[in-house]
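In case you want the letters, here they are:
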2 protein chains.
Amino acid sequence: MQVPGHKFSDVGGFRVGAGKSSFSQHRPFFNVTEPAQVLQHASEFPRIGRETVALSDTAGRVLATDILSDVDLPDFARSTMDGYALQAASTFGASEGNPAYLTVKGIVLMGEIPEFSIGPGEAAKIPTGGMLPAGSDSVMMIEHADVLDETTIEVYRSVAPGQHVLEIGEDFEKGAVILSPGQRFRPQETGLAAAFGRERVQVYKRPVIGIISTGDEVVPVDAIPKSGEIRDINTHTLSELASAAGAIPISFGIIQDDYETLFNTCSQALEQSDMVLISGGSSVGTRDFTIEVLSALPDSEILVHGISISPGKPTILAKIQDKAFWGLPGHVVSAMIVFSMIVRPFVEHISGLRQKRRFRIPARLIRNLSSAQGRVDYIRVRLIENQGTLWAEPVLGKSGLINTMIHADGLIEIGMNTEGLNKGEAVSVIPL
Amino acid sequence: MQVPGHKFSDVGGFRVGAGKSSFSQHRPFFNVTEPAQVLQHASEFPRIGRETVALSDTAGRVLATDILSDVDLPDFARSTMDGYALQAASTFGASEGNPAYLTVKGIVLMGEIPEFSIGPGEAAKIPTGGMLPAGSDSVMMIEHADVLDETTIEVYRSVAPGQHVLEIGEDFEKGAVILSPGQRFRPQETGLAAAFGRERVQVYKRPVIGIISTGDEVVPVDAIPKSGEIRDINTHTLSELASAAGAIPISFGIIQDDYETLFNTCSQALEQSDMVLISGGSSVGTRDFTIEVLSALPDSEILVHGISISPGKPTILAKIQDKAFWGLPGHVVSAMIVFSMIVRPFVEHISGLRQKRRFRIPARLIRNLSSAQGRVDYIRVRLIENQGTLWAEPVLGKSGLINTMIHADGLIEIGMNTEGLNKGEAVSVIPL
């Protein structure tokens, strides 16, 4: 990427003249930020708006209000077994040698209110889910009763009061908060909203994420790359990552080496999006170029210029008009890892997500791994199950290889102050 | 649910007359099938068809063909660092006390083919991703070179041939198979398809899953349930589970107690779907009713009638016109667990999925758990991280409580021949 006034020979990062201890004024990423500090900036960005959607459109969405139960669930004492509704006291002392004999007074049918009541020594046949007749307080499982004739059963054991019964409101009491803002809908949360008659629910909007690819060497997917050129992998990969994080990606195309075009595209993306990702510019000169554009946008503050992670060090975060604007590395592997580890928590924050259920997978490291101190390393690993133990196997190959991401099931994080990890050591794998 | 000729008093499961060792001919689920055997039936069902979709619609889809690389990636020897391209031999023996001096012959720009070559004692400034000039075989990191003047650098260490360089085709060789049928698209697989110019790819169709709720006591979500009634949780929960498994759910509504209506709805669902789920009928009588309808459909074979799992025992699997037709328990918790553990692998099979990346999460059990032998128990658990250890805490409450599914992060499986698990024991959590 060429910028007027930015010849490759005079941009930062190259020590000009003098001895080994001198640094150019432009040396980039000298004051890199630790990843934990970067993540703290997330709370500086406002949550996005809300909208109301149909129950069938809630998958993966984040609830924006409380949902209260409008009925007791169950709203009647309900059998949890096929069996006989009875008074527990009628069975006390019953045993193989001394069975109790009960009179079957009727049959409870699903969805119907029994028209009889149960007294001492009486029982009623009841299906799973059936309503307990008045007077009964428990259910004897069908397997524990022998039918003697149409109106008599013999039972050999006692039941406790309340056994095999869900009491009124035992699952959810009427008026209780059953779901809270910040919860993401899984199938069971959607089912629960259905149980309480919510045909539509208020959720946070899906944030719109603008995606810009840069680089003279980047060509569209339908082009045949000439020597030195590469097709636009980043727009497609970042769009899918954004979708998977619950956002709506919008591509602003591939921007060639032209300051004005990049500036205008960034302005446009900022206007139409809740967050912007610009990827590319992995060379020193282009990084300076990106930061120049970001700084020039109105109401802009550069929060982070370099993160102490590998891969992904040359990452920029600016707060522009209250929106996060990211300069991501040009290499797709680095861009993916930065998105997953750093950008995604920002997407989740502005999306209103509070309850996170993404768990790291504990595993054991299959071989020694060395790591540089002073930065957090993300190592791509494959997961292998062997005789009940889950092993994390680092995916071999140079860090720039895209094929490593295809072979990887996840990442392991090696902390700032760790020199390396030993074979057999416990690690936590972040699924990819 | 009432069926003509099927009075509650004469259906299976109730031992009529005689002693404790006699079983009614209709006793359901006497020959229950072990879950592992049920899963083996999956391969009896044909995979569904294929379709071609745009790259932007590949998220979660299953690839149906090989994808070959149409270019070498990279298609030129590419620097993986900002630095100097040179001949490694020019640096051999260089040290702090005996630096090597190299002549800077030019600058490589991104996306451009260098018009000069590098000989012994020469170097060219090169950005990450830049093309190595002819004659050079390695890159010296910028941090390891001092600029003396416009045309001279001083280096203090040696590099190895090939260092910080991706060779032509080192990531993906032209003509190689880069993705295979049965792989599910993650962001990186989509990115890779972009890298090789695939604007459209052939994937397996998303199977259509017909969903039928049954039960006189079940009312639509927009209804106010009367005493003894419950809103239709199952259609919504199962639809979301089907979507999450990559399928397209179609609801066929709530079917009341009418044999002919159920039969006709099942016929219609079968015609319009690749798989059908009918839920409800958790009572003994209704189960017989469902199996009667399934048996009566043309070209039907009942493969499974009862599974030795808890919850979920009263599950039916029929093969009807080469499609899987499931009778799921009426209780939503049981239906969810059966879907996740049993039905989902069938959905994945017909969807063409071969490479599965769903991992169980190793954890330690926070308290003792008892379990019945002779069946597989699925226990809902919460995951709690404490000082680097992940603990699985069983969610308390009666098994029929829906709220347990909301509080659960996953399930643990207790095998057929296990009486229980001890506090501290290693368990594998299946995420929900």
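These numbers come from a predicted model, not from an experiment.

**Student:** Looking at this structure, I do not really get the overall build of chain A. What am I missing?
**Tutor:** Scanning chain A for helices and strands turns up seven helices and 28 strands. Relative to the compact-globule value of 22 Å for 432 residues, chain A shows a C-alpha radius of gyration of 32 Å, a clear excess of over 25%. Overall, chain A is about 105 × 50 × 40 Å in size when its C-alpha atoms are taken along their principal axes. Looking at the 432 residues of chain A, the share that counts as buried comes to 50%. Contacts in chain A between residues far apart in sequence, at least 24 positions, make up 70% of those at least 6 positions apart.

**Student:** Just checking my understanding: could you explain the interface of chain A and chain B for this structure?
**Tutor:** Each partner contributes to the interface: chain A provides 87 residues, whereas chain B provides 86 residues. Elements with a minimum of two residues in the side of chain A that touches chain B: strand E8 (145-149), helix H2 (187-195), helix H3 (233-244), helix H5 (284-296), helix H6 (332-350), strand E22 (361-365) and helix H7 (403-407) of chain A. Partitioned by chemical class, the residues of the side of chain A that touches chain B number 40 nonpolar, 26 polar and 21 charged.

**Student:** When you look at the pairing of E8(A) in this model, what are you seeing that I'm missing?
**Tutor:** A regular strand carries its side chains on alternate faces of the sheet. All names here are of chain A. Pairing of E8 with strand E9 (residues 152-155) involves four bridges; the strand directions are antiparallel. Within E9, the residue paired with Asp146 across the bridge is Glu154. Hairpin connection, E8 to E9: the antiparallel pair is bridged by two residues.

**Student:** Honestly, the sheet that holds strand E7 (residues 138-141) of chain A in this entry has me stumped. Any pointers?
**Tutor:** Picture the strands of a sheet paired through backbone hydrogen bonds; they go either parallel or antiparallel. Residues and elements named next belong to chain A. Read from one edge to the other, the open sheet built from six strands follows the order E7-E4-E6-E5-E9-E8, with strand pairing classed as mixed. Strand pairing shows two members of the sheet lacking a second neighbour, E7 and E8, which therefore form its edges. Averaged over all adjacent pairs, the angle separating strand axes in this sheet is 40°, with direction ignored.

**Student:** Explain the domain arrangement of chain A here, please?
**Tutor:** Interface size is commonly expressed as the accessible surface area that is lost when the partners come together. Residue and element names in this part refer to chain A. For chain A, the domain assignment lists domain 1 (8-15 + 23-48 + 205-350), domain 2 (51-73 + 181-204), domain 3 (78-166) and domain 4 (361-431). A separation of 26 Å is found between the C-alpha centroids of domain 1 and domain 4. Mapped onto the side of domain 1 that touches domain 4, the elements with two or more residues apiece are strand E19 (309-310) and H6. At five residues, H6 tops the list of elements feeding residues into the side of domain 1 that touches domain 4. Tallied by class, the residues present in the side of domain 1 that touches domain 4 amount to eight nonpolar, three polar and one charged.

**Student:** Hey, could you run me through the relation of the copies chain A and chain B in this one?
**Tutor:** Mapping between the two chain copies consists of a rotation about an axis together with a translation along that axis. Of the two same-sequence chains, chain A is brought onto chain B (RMSD 0.1 Å, axial shift 0.0 Å) by a rotation of 180°. The relationship between the two copies is best expressed as a two-fold rotation axis. Across chain A, the smallest distance between a C-alpha and the rotation axis is recorded for Ile361(A), namely 2.6 Å. Comparing contact sets, 99% of the residues at the interface of chain A also lie at the interface in chain B, consistent with an isologous, same-surface contact.

**Student:** Honestly, the environment of Pro133(A) in this entry has me stumped. Any pointers?
**Tutor:** All names here are of chain A. Locating Pro133 in the fold gives a position in the loop between strand E6 (122-126) and E7. On the neighbour-count criterion, Pro133 (22 C-beta atoms within 10 Å) is buried. With residues near it in sequence (within four places) discarded, Pro133 still touches Ala85, Val108, Pro114, Phe116, Ser117, Ile118 and Ala124.

**Student:** So what exactly am I meant to see when it comes to the environment of Ile254(A) here?
**Tutor:** All names here are of chain A. In this structure, Ile254 sits in strand E16 (residues 248-255). Between the C-alpha atom of Ile254 and that of Asn234, which follows or precedes it by 20 residues, the distance is 9.8 Å. Residues within four places of Ile254 in sequence aside, it is in contact with Ser213, Val218, Pro220 and Asp232.

**Student:** Just checking my understanding: could you explain the nonpolar core for this structure?
**Tutor:** Side chains of nonpolar character tend, in soluble globular proteins, to be buried together. Residues Val276(A), Trp326(A), Val276(B) and Trp326(B) are the most contacted members of the largest nonpolar core, which totals 175 residues. Residues in contact with Trp326(A), not counting those within four places in the same chain, are Val276(A), Leu277(A), Ile278(A), Thr315(A), Ile316(A), Leu317(A) and Val343(A).

**Student:** Help me out: how do you make sense of unusual backbone geometry in this one?
**Tutor:** What you tend to see is this: most non-glycine residues have negative phi, and most peptide bonds are trans. Residue Pro74(A) is bonded to the preceding Leu73(A) through a cis peptide linkage, with omega at -10°. By the element assignment, Pro74(A) lies in the loop between strand E2 (67-68) and strand E3 (78-79). Even without being glycine, Asp299(B) reaches a positive phi, approximately 60°. Residue position: Asp299(B) is located in the loop between helix H5 (284-296) and strand E18 (300-305). Residue classification places Asp299(B) among the exposed residues on the basis of 10 C-beta atoms within 10 Å. Here the phi dihedral of Asp322(B) falls at roughly 65°; this positive angle occurs in a residue that is not glycine. Residue position: Asp322(B) is located in the loop between strand E20 (316-320) and strand E21 (323-328). Of the residues examined, Asp322(B) has 10 C-beta atoms within 10 Å and is grouped as exposed.

**Student:** I'm lost on H2(A) in this one. Help?
**Tutor:** In an α-helix there are 3.6 residues to a turn, and that puts residues three or four apart on one side. With nine of nine residues buried, H2(A) is to be regarded as a mostly interior element. Restricting attention to buried positions, one finds in H2(A) the residues Pro187(A), Gln188(A), Glu189(A), Thr190(A), Gly191(A), Leu192(A), Ala193(A), Ala194(A) and Ala195(A).

**Student:** Mind showing me how you'd approach the confidence of the model for chain A here?
**Tutor:** Caution applies to low-pLDDT parts of the model: their predicted coordinates are not meant to be read in detail. Put simply, chain A has an average pLDDT of 89, and 91% of its residues get 70 or more. Below pLDDT 50 for its whole length, residues 1-29 of chain A participates in 62 contacts with residues either more than four positions away or in separate chains.

**Student:** Quick question: what am I supposed to make of the sheet that holds strand E9 (residues 152-155) of chain B here?
**Tutor:** Residue and element names in this part refer to chain B. Pairing is mixed across the open sheet formed by six strands, whose spatial order is E7-E4-E6-E5-E9-E8. Either end of the sheet is taken by a strand with one partner, and the two such strands are strand E7 (138-141) and strand E8 (145-149). Put simply, the sheet's adjacent strands are angled 40° from each other on average, direction ignored. As paired elements, strand E4 (residues 83-86) and strand E6 (residues 122-126) share four bridges and run antiparallel to each other. In the sheet register, Leu86 faces E6, and the bridge partner there is Ala123.

**Student:** Where do I start with the packing of H3(A) against H6(A) in this structure?
**Tutor:** Between two packed helices, both the angle of their axes relative to each other and the distance between the axes serve to describe the pair. Residues and elements named next belong to chain A. In the contact formed by H3 and H6, the axes pass within 10 Å of each other and the chain directions differ by 20°. For the element pair H3 / H6, the angle class is roughly parallel. Like other packed secondary-structure pairs, H3 and H6 cross with a definite hand, here right-handed. Contact with H3, carried on its side by Ile233, Asn234, Thr237, Leu238 and Leu241, involves Val332, Ala335, Met336 and Phe339 of H6 and no other residues of that element.

**Student:** Sorry, what's going on with the packing of H3(A) against helix H2 (residues 187-195) of chain B here?
**Tutor:** One can describe the packing of H3(A) onto H2(B) by two numbers: an axis separation of 8 Å at closest approach and a directional angle of 160°. The orientation of H3(A) relative to H2(B) falls into the category roughly antiparallel. Helix-helix and strand crossings are classified by hand; for H3(A) and H2(B) the assignment is right-handed. Taken together, the residues of H2(B) that come into contact with H3(A) (itself represented by Ile233(A), His236(A), Thr237(A), Glu240(A), Leu241(A) and Ala244(A)) are Pro187(B), Gln188(B), Thr190(B), Gly191(B), Ala194(B) and Ala195(B). Residue composition of the contact of H3(A) with H2(B), by class: six nonpolar, five polar and one charged.

**Student:** Explanation requested: the environment of Asp216(A) in the structure shown.
**Tutor:** Structurally, Asp216(A) is set in the loop between strand E13 (208-214) and strand E14 (218-219). Owing to 20 C-beta atoms within 10 Å, Asp216(A) belongs among the buried residues under this scheme.

Reading the values: the criteria
- Residues numbered from 1 in each chain as written.
- Chains lettered and ligands numbered in written order.
- Predicted model: local features only at pLDDT ≥ 70, side-chain atom pairs only at ≥ 80, totals over all residues.
- Helix = DSSP H or I, 4+ residues; strand = E, 2+ residues; numbered from the N terminus.
- Rg over C-alpha atoms; globule rule 2.2 N^0.38 Å.
- Buried ≥ 20, exposed ≤ 12 C-beta atoms within 10 Å, placed from the backbone.
- Contact = placed C-beta atoms within 7 Å.
- Nonpolar A, V, L, I, M, F, W, Y, C, P; charged D, E, K, R; others polar.
- Pairing = 2+ DSSP bridges.
- Axes fitted to C-alpha atoms, helices over the stretch in contact; angles between N-to-C directions.
- Domains from an automatic or database assignment.
- Least-squares fit on C-alpha atoms with pLDDT ≥ 70 in both.
- Core = buried A, V, L, I, M, F, W, Y, C linked by C-beta atoms within 7 Å.
- pLDDT = per-residue confidence, 0-100.
- Parallel < 35°, antiparallel > 145°, perpendicular 65-115°, else oblique.
- Left-handed = near helix turned anticlockwise from the far one by under 90°.

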